[in-house]
Amino acid sequence: MAANDTIADMLTRIRNSCMARHQTTQIPATKMTRSIAQVLKSEGFIGEFEEAEEGVKRHLVLSLKYKGKTRKPIITALKRVSKPGLRVYSNRKELPRVLGGIGIAIISTSSGIMTDREARRQGLGGEVLCYVW
């Protein structure tokens with residue numbers, strides 16, 4: 001596996017863990033994955049996350065959230081938008097709305113990683129990393 005798309009890797013790990021109803025999932029820790037985890041947490045898609053070290057490697061351990069007795073995952077879908085081979089940028093006027101505002105788009109702006117809502121509020125555009133709903 002080419003480990004050059006850490007974001008797609010992160011989304012896939014979260015997606016797989018949700019489908020398997022795991023309580024936590026491990027993701028290689030990078031500045032980018034840390035920022036995305038922070039956004040997911042502040043938007044209520046995941047619970048806490050912490051950093052764990054195994055020798056040289058650093059991991060983020062995310063606790064996933066489920067609702068109800070059926071343990072339906074809070075995250076129903078994660079979609080990678082901008083890929084290493086095809087970057088997707090959006091200026092502040094064209095920021096995507098995910099499912100009419102039910103979901104979030106995670107945007108990489110000059111002021112860091114944030115949701116589409118936050119970027120709109122700050123009048124920033126940037127790279128559209130992924131959609132979560």
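Everything numeric in this text was worked out from a predicted model, so none of it was measured. (Residues numbered from 1 in each chain as written. Predicted model: local features only at pLDDT ≥ 70, side-chain atom pairs only at ≥ 80, totals over all residues. Heavy atoms only, no water.)

Looking at this structure, how should I read the overall build of the chain?
A tally of helices and strands in the chain yields three helices and ten strands. When the helices and strands of the chain are read in sequence order from the N terminus, they spell out α-β-α-β-β-β-β-β-β-β-β-α-β. Each principal axis of the C-alpha atoms in the chain carries an extent, and together these give about 40 × 40 × 25 Å. Across the 133 residues of the chain, 42% fall into the buried class. Considering only contacts within the chain whose residues lie at least 6 apart along the sequence, 58% involve residues at least 24 apart. Here the chain has roughly 7500 Å² of accessible surface; of this, 52% comes from carbon and sulfur atoms. (Helix = DSSP H or I, 4+ residues; strand = E, 2+ residues; numbered from the N terminus. Buried < 20%, exposed > 50% of the residue type's maximum accessible area, 1.4 Å probe, protein only. Contact = heavy atoms within 4.5 Å. Areas by Shrake-Rupley, 256 points an atom, 1.4 Å probe, with all protein chains shown as cover.)

Sorry if this is basic, but what is going on with the pairing of strand 3 (residues 57-64) here?
Note on strand geometry: in a regular strand, side chains alternate between the two faces of the sheet. Sheet analysis places strand 1 (residues 24-28) next to strand 3, joined by five bridges and oriented antiparallel. Bridging across to strand 3, Gln26 finds its partner in Val61. Pairing geometry for strand 2 (residues 46-54) and strand 3, over seven bridges, is antiparallel. Bridge assignment links Glu50 to a residue of strand 3, and that residue is Val61. (Pairing = 2+ DSSP bridges.)

Help me out: how do you make sense of unusual backbone geometry in this one?
Residues apart from glycine generally show negative phi values, whereas peptide bonds are mostly found in trans. Residues other than glycine seldom take positive phi values, yet Arg21 does so here, at roughly 60 degrees. Along the chain, Arg21 falls in the loop between helix 1 (6-19) and strand 1. For Arg21, a relative accessible area of 36% translates into the label partly exposed. At Arg71, a residue that is not glycine, the phi angle is positive and equals roughly 50 degrees.

Looking at this structure, I do not really get the nonpolar core. What am I missing?
Side chains that are nonpolar tend, in soluble globular proteins, to be buried together. The biggest cluster of nonpolar side chains holds 26 residues, and the ones touching the most others in it are Ile14, Leu40, Leu62, Ile106 and Val132. Residue assignment for this core shows that the elements contributing at least two residues are helix 1, helix 2 (31-42), strand 2, strand 3, strand 8 (104-109) and strand 10 (126-132). Sort the elements by how many residues they give to this core and helix 1 lands first, with five residues. Counting ten residues, the second largest nonpolar core, distinct from the first, contains Leu95, Ile107, Ala119 and Tyr131. (Core = buried A, V, L, I, M, F, W, Y, C linked by side-chain atoms within 4.5 Å.)

Please explain the sheet that holds strand 2 as it appears in this structure.
Whether parallel or antiparallel, the strands of a sheet pair through hydrogen bonds between backbone atoms. The strand order across the open sheet formed by three strands is 1-3-2, and the pairing between neighbours is antiparallel. The open sheet terminates on both sides in strands that have one partner only, identified here as strand 1 and strand 2. Direction aside, the axes of adjacent strands within the sheet are offset by 25 degrees on average. Against the sheet, helix 1 contacts strand 1 and strand 3, and its axis sits at roughly 165 degrees relative to strand 1. (Axes fitted to C-alpha atoms, helices over the stretch in contact; angles between N-to-C directions.)

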